[in-house]
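Below are the chains, spelled out letter by letter.
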Amino acid sequence: MHAQFEFDKNVNPAEVIRAVLWVMYMHIGEGELRDVKFNMPKEIQEWFPEEIAPKG
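In this text the structure is predicted, and so the values were computed from the model without any measurement. Each chain has its residues counted from 1, following the order in which its sequence is written. Under the rules for a predicted model, residues below a pLDDT of 70 receive no local features and side-chain atom pairs below 80 are neither given nor counted, while totals for whole chains, interfaces and linings still include all residues. To get the side-chain values, take all heavy atoms of the structure and skip hydrogens and water.

The next subject is the nonpolar core. Among the nonpolar cores identified, the biggest contains five residues, and these are I17, L21, Y25, L33 and F48. Runs of E in the DSSP output that reach at least two residues are strands. Runs of H or I that reach at least four are helices, and both are numbered from the N terminus. The element best represented in this core is helix α1 (residues 13–28), accounting for three residues. Between two residues, a contact is recorded if the distance between any of their heavy atoms is within 4.5 Å. Once residues within four sequence positions are removed from consideration, L33 is found in contact with L21, M24, Y25, I28 and F48. In this text, buried Ala, Val, Leu, Ile, Met, Phe, Trp, Tyr and Cys residues form a nonpolar core when linked through side-chain atoms within 4.5 Å. A simple rule labels every residue: compare its accessible area, found with a 1.4 Å probe on the protein chains alone, to the largest value its type can have, and call it buried under 20%, exposed over 50%, or partly exposed in between.

Here is the structure:
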């Protein structure tokens, strides 16, 4: 994953992924995103941490 961000050493791929997932939580909803998560390969499921889900 990191190889795709070699053009800018200041970019943290994990932060980018977490930001994208946060936007997905905001627009898709936690339940639907959970369905998306569990349809992904295990390696990708690791990038869907529950603590980034919006509270409330």
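Let's pick the thread back up.
Another aspect to go through is the side chain of Q45. Relative to the helices and strands, Q45 is located in helix α3 (residues 42–45). Look at Q45 and you get buried, because its relative accessible area is 11%. Within the local environment of Q45, its side chain forms a polar contact with the backbone oxygen of K37, the two atoms lying 3.4 Å apart. Once residues within four sequence positions are removed from consideration, Q45 is found in contact with K37, F38 and M40. Polar contacts here mean pairs of N or O atoms no more than 3.5 Å apart (in protein, one a potential hydrogen donor and the other a potential acceptor; neighbouring residues in sequence count only if both atoms are side-chain atoms).

A few words now on α1. The end-to-end C-alpha separation of α1 is 22 Å, in line with the 22 Å expected for 16 residues at 1.5 Å each. Taken as a whole, α1 has its buried residues at P13, I17, L21 and Y25. One side of α1 carries all its buried residues, which in axial view fall inside an arc of 115 degrees. In α1, the exposed positions angled more than 90 degrees off the buried face are occupied by E15 and H27. Between the side-chain oxygen at the start of α1 and the backbone nitrogen of A14 there is a gap of 2.9 Å, and the oxygen is on N12. Note on α1: the residue one or two positions beyond its end, G29, has a positive phi of about 100 degrees. One fewer than the residue count of a helix, multiplied by 1.5 Å, yields its expected span. Here the arc refers to the set of directions running from the helix axis out to each C-beta atom.

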